Each structure stands twice: as C-alpha cells, then as structure tokens.
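A structural walkthrough
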Amino acid sequence: MRDFPTATVRTRVAVPLRFGDGYSVDAELVTFHGLADGLEHLAVVLGEPGANPLVRLHSECLTGDVFGSARCDCGPQLREAVERIAERGGVLLYLRQEGRGIGLYNKLDAYALQDQGLDTYAANAALGLPEDGRDYTAAAQMLQALGIDSLDLLSNNPDKAEQLRDLGIDVSHRVPTGVFTTAHNVRYLRAKVLQTHHTLPLPELTAG
C-alpha cells in the first residue's frame, strides 16, 4: 500500500446545482488543504452518504463538461453521475486532470492528430505524452479527509479502482456508467475498451 500525506478539509459550502436538461439538486462543495499535487480538486457531496457510499472520480473535461462536446462522453457521464450519486448518497470528486492529465492545449493537439486517423492513445504518444497520466493520490486524500475508506466506485475504468485500492481505499464494487455514444465519439470509446480495458459493451458502440 502506498503512503501519502494527510489532507484536511478547507471549506464546505452549499451550492444548488442545475443542469441544462432542467435537473437540479442540492450539493455541498468541499475544498481541501494539503493535496499531493497542489491542484484545486473539488468534492461534490450529494444526498446522504452512508457507510459504503457511491463515489465517482470525474476528471475535468472543459470541452465535454462545459461546452457539450460530442467527441467524448464526459458531459453525459458527469450529468448521470450527479443524479445516481444523489439518489443513493455519495461523493463526486471533480479532479483537475484535463485530457487524462495532459492539459487542455495538449488534448486539443491530440484531437487534431485523431482527425488524421490516430486513436486517442496513439495521439498522446505521438505528442510524447503518456497514454494516461492521471494519479489518484489526491483523490484518496480527499476521501480520507471526508472519512470515507470504503466505497462503491462509479466507473468503467479498472485503473481507478486499482489505484484507489493501492492507496488503501476499499473499493467494494465497481459500478459501470451508462454508454453515451455519438457519431463523433465511437472510435474514442472503442479505443478505451481495447487499449485500457474499460468495461463498455463493444456491440453497443455504434453511432447513434
């Protein structure tokens, strides 16, 4: 198990959330002191978290979360996660790891390479960047600061569960998200299944 420094809660503030489709929910946003990577990650507490809450580690995606880009499934996953977590009780960790950790400009450069035929992982490699540069130490710190050491993880990505377990968090179950395909993201989703073993049903990955 990897050791890491302790983080502490900095601020808690009530913020009503409202999405473009009209869905709204009350949330508590939590900030932290002492996160390992020094970034401004955010916890969104929804509903009444129990002993084994539902948790999602959602990496920031400006293009998908804010602008509704159809080149990924990040925006729909965020919207789905907030409602599912609110119904059960849990936490969404909004992690400032744009482009699987490579940053916004590099992500857009990778998009340009994808337009030339590379998949999302090959495009990162062509730029001299890691396929996935995310480290979830800060996420484990945030969970421990919130008193969460056991959870069900809302994710299709096995690496998230493996990293959290290596950091001492008990991931009881990994709960898959929905499948959100568009005419523009099918190749991206297929690459996630084939390259990093995301639990998405390949037969369903057809444009729609």
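Described below are features of the structure shown in this document.

Parameters and conventions
- Residues numbered from 1 in each chain as written.
- Predicted model: local features only at pLDDT ≥ 70, side-chain atom pairs only at ≥ 80, totals over all residues.
- Heavy atoms only, no water.
- Pairing = 2+ DSSP bridges.
- Helix = DSSP H or I, 4+ residues; strand = E, 2+ residues; numbered from the N terminus.
- Axes fitted to C-alpha atoms, helices over the stretch in contact; angles between N-to-C directions.
- Contact = heavy atoms within 4.5 Å.
- Buried < 20%, exposed > 50% of the residue type's maximum accessible area, 1.4 Å probe, protein only.
- Polar contact = N/O pair within 3.5 Å; in protein donor to acceptor, adjacent residues only side chain to side chain.
- Salt bridge = Lys/Arg side-chain N within 4 Å of Asp/Glu carboxyl O.

This paragraph deals with the sheet that holds strand β7 (residues 170–175). Strand order in this open sheet of seven strands is β1-β2-β3-β5-β4-β6-β7, and the pairing throughout is mixed. Every other strand in the sheet has two partners, leaving β1 (8–18) and β7 as the edge strands with one partner each. The mean angle between the axes of side-by-side strands here comes to 30°, regardless of whether they run parallel or antiparallel. In this fold helix α2 (residues 74–88) packs onto β1, β2 (24–33), β3 (42–46), β4 (54–59), β5 (90–95), β6 (150–154) and β7, with an angle of close to 160° to the strand it touches most, β4. Contacting β1, β2, β3, β4, β5 and β6, helix α6 (residues 137–145) crosses the sheet at an angle of about 145° to β5.

It helps to recall that an α-helix has 3.6 residues per turn; residues three or four apart then point in one direction. Within helix α7 (residues 158–166) the residues assigned to the buried category are Pro 158, Lys 160, Ala 161, Gln 163 and Leu 164. Between the side-chain oxygen at the start of α7 and the backbone nitrogen of Asp 159 there is a gap of 3.0 Å, and the oxygen is on Asn 157. Directly after α7, the chain includes Gly 168, whose backbone phi takes a positive value near 95°.

Our focus in this paragraph is the pairing of β5. Counting buried residues along β5, six of its six residues qualify, which places the element largely inside the surrounding structure. Across the two faces of β5 the burial is the same, with Gly 90, Leu 92 and Tyr 94 and Val 91, Leu 93 and Leu 95 all buried. Across five bridges, β3 lies against β5 in antiparallel orientation. Counterpart to Leu 42 in the pairing with β5 is Tyr 94.

So, about the pattern of salt bridges. Opposite charge on two side chains lets them pair, provided their charged atoms get close. As enumerated under the stated definition, the model contains nine salt bridges in all. Between Arg 79 and Glu 83 there is a salt bridge, with the nearest N and O atoms lying 2.8 Å from each other. One end of the pair is Arg 79 and the other is Glu 83, both in helix α2 and four residues apart, which spans about a single turn. In this structure, Arg 84 engages Glu 80 in a salt bridge whose closest nitrogen and oxygen atoms are separated by 3.1 Å. Placement of both Arg 84 and Glu 80 in helix α2 is noted, with a separation of four residues, approximately one turn of the helix. Classification of Glu 80 by relative accessible area gives buried; the value is 15%.

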